[in-house]
Amino acid sequence: LVTRQSQEELLRVLSERKHTDLRGVTNDVSLVVVSMSPQPILSLAVRYKLSPEDATKKLAGYFKSIGADIVLDMTVAEDLSLLETQQEFLQRYQEQQADPNSKHLPMLSSSCPGWVCYAEKTHGNFILPYISTTKSPQQIMGTLVKRVLAQSRQLNPSTVYHVTLMPCYDKKLEASREDFYSELLNCQDVDCVITAIELEQMLESSGKSLCEVPGAELERVWGEDEEGAGEGGAVLMGHAGSGSGGYAHHVFLHAAQQLFGETDVPVVYRNLRNPDFKELVLEKDGKEVLKVAIANGFRNIQNLVQKLKRGKSPYHYVEVMACPSGCLNGGAQVRATEAGGGRELVGALERLYAQLPRAAPARRAHALYTRWLAGRHSDKANALLHTSYHALQKSDIALNIKW
Ligand code: SF4
């Protein structure tokens, strides 16, 4: 795998409107789409002392000023990822009940490529059956842009250049996976990943502060429910739960309701060995019937995997993230701020995330499922929103990735 995902490459493609893909095929670019994840937006908001709303608009304005045609936020892809994860968990839970010796549980989240790559490389065939097949928000966004958006505009998907703004370099590795190259469409779902740090560098090298960039609205292109969008374009929205995606939160509440009829369960985390390893437990008749955990950082991940190998993991679902404190603390988030570093900065970002208007996943995703994915649980939705994993040899790992 060789990626061409640098800032220089992005600027070159935008000026020449020509893109050479991972397989060396060059296409004219008919449409440039930028999809922004909330974590780098918040990181840059803190860096430039802007509100999340202003940072979102100014980033949209910046991308448009360098040649993007459409700038989107990723909330709707996060909605789909959460909904598919909830559904996958219910199915796995029921399958595990039917066959207690199967490997359907614990279901381990799959949205962090740092964790998935480590699992494929280090624990291979043992761990893979446990990893959720639901695609990450970045890759669901890729599917939506290259299939739904390109189709709705009657464009050849291989001429649509899709850029994402993300919190870590691992997302470049994820975007470059063969699994996310379509032979049918002749293109990768995400062509270029730019991180918060790189965005800051791009601004600095052009002598600009984000504060002085004229703002632009985010586009609404999916026909999603516009509740909460206000006047003008769409606004950045967050989900209940953590700024890493809230998977544990959503799986726990949905499963409590669907499997045990509990509609009013408090979400109170119990801290375990450290603040990056915590659990949610549902008890019925004095018995623990649902146990969900969040394991962030490699120390906790290794502990989790060792327990799993010894058959001693008590969990039904675990949200696994490679970075301590999760994606808000991603390796390519901007660090040098007056908000301090480490946990202090992450705390500030979590508070900002918690203040975003809340997205209601099922409601917003409804139009996408019905108009474009042939309904929830359809073969089309399963094919487009799920993926697979592979045990890797060390030599298979992309050592020649150019960040
Ligand atoms: Fe990237 Fe870290 Fe989030 Fe994993 S936890 S997706 S490595 S930012």
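Our subject in this report is the structure included herewith. These numbers come from a predicted model, not from an experiment. (Residues numbered from 1 in each chain as written. Predicted model: local features only at pLDDT ≥ 70, side-chain atom pairs only at ≥ 80, totals over all residues. Heavy atoms only, no water.)

We now examine the packing of aromatic side chains. Applying the stated rule across the entire model yields eight aromatic pairs. Residues Phe 277 and Tyr 315 carry aromatic rings whose centres are separated by 6.3 Å and whose planes lie at 55 degrees to one another, so their mutual orientation is tilted. Of this pair, Phe 277 sits in strand β11 (residues 277–284) while Tyr 315 sits in the loop between α10 (298–309) and β13 (317–321), placing them 38 residues apart in sequence. Taking the relative accessible area as the measure of exposure, Phe 277 reaches 4% and is therefore buried. The aromatic ring of Tyr 181 is capped on one face by Arg 23, whose charged end is 3.7 Å from the ring centroid. A cation sits over an aromatic face here: Arg 47 above Tyr 48, 4.3 Å from the ring centre. (Phe/Tyr/Trp six-rings, centres within 6.5 Å; stacked < 30°, edge-to-face > 60°. Helix = DSSP H or I, 4+ residues; strand = E, 2+ residues; numbered from the N terminus. Buried < 20%, exposed > 50% of the residue type's maximum accessible area, 1.4 Å probe, protein only. Lys NZ or Arg CZ within 6 Å of the ring centre and 35° of its normal.)

Spatially, the four strands line up as an open sheet ordered β4-β3-β6-β9, and their pairing is parallel. Two strands bound the open sheet, and with one partner strand each, they are β4 (70–73) and β9 (192–195). Taken over all neighbouring pairs, the strand axes of this sheet differ in orientation by 25 degrees on average, direction set aside. Each of β3 (31–36), β6 (160–166) and β9 touches helix α1 (residues 7–16); the most contacted strand, β6, lies at about 145 degrees to it. (Pairing = 2+ DSSP bridges. Axes fitted to C-alpha atoms, helices over the stretch in contact; angles between N-to-C directions. Contact = heavy atoms within 4.5 Å.)

Right, let's talk about the site of the ligand for a bit. For the ligand, the full set of nearby residues is Cys 112, Pro 113, Pro 167, Cys 168, Lys 171, Met 321, Ala 322, Cys 323, Cys 327 and Gly 330. Broken down by class, the residue content of the shell around the ligand amounts to eight nonpolar, one polar and one charged. (Near = heavy atom within 4 Å. Nonpolar A, V, L, I, M, F, W, Y, C, P; charged D, E, K, R; others polar.)

Right, let's talk about the sheet that holds β13 for a bit. Spatial ordering of the open sheet is given by β5-β13-β12-β11-β10, a layout of five strands whose pairing is mixed. The open sheet has two edge strands with one neighbour each: β5 (107–108) and β10 (270–271).

Moving on to the packing of helix α4 (residues 75–98) against helix α12 (residues 361–372). At a minimum axis separation of 9 Å, α4 and α12 run at an interaxial angle of 100 degrees. One finds that α4 runs roughly perpendicular with respect to α12. Residue-level inspection shows Thr 75, Val 76, Asp 79, Leu 80, Leu 82, Leu 83 and Glu 84 of α4 in contact with α12, the latter providing Pro 361, Ala 362, Arg 364, Ala 365, Leu 368 and Tyr 369. Looking at the contact of α4 with α12 residue by residue, the classes come out as nine nonpolar, one polar and three charged. (Parallel < 35°, antiparallel > 145°, perpendicular 65-115°, else oblique.)

For Thr 75, the position within the fold is in helix α4. Look at Thr 75 and you get buried, because its relative accessible area is 1%.

A few words now on unusual backbone geometry. A cis amide bond links Leu 105 to the next residue, Pro 106, at an omega of 0 degrees. Mapped onto the elements, Pro 106 comes out in the loop between α4 and β5. Despite not being glycine, Ser 325 shows a phi value in the positive range, around 70 degrees. By secondary structure assignment, the location of Ser 325 is in the loop between β13 and α11 (342–355). Positive phi, close to 70 degrees, is recorded for His 377, a residue that is not glycine. As for its position among the elements, His 377 is in the loop between α12 and α13 (379–385).

With the rule as written, the count across this model stands at 23 salt bridges. Note that Glu 174 and Lys 171 form a salt bridge whose closest N and O atoms lie 3.0 Å from each other. Separated by three residues within a single helix, Glu 174 and Lys 171 lie in helix α7 (residues 170–175), roughly one turn from each other. Here Glu 174 matches Lys 171 in class, with each residue buried. Note that Lys 172 is salt-bridged to Glu 198, the shortest N-O span being 3.0 Å. (Salt bridge = Lys/Arg side-chain N within 4 Å of Asp/Glu carboxyl O.)

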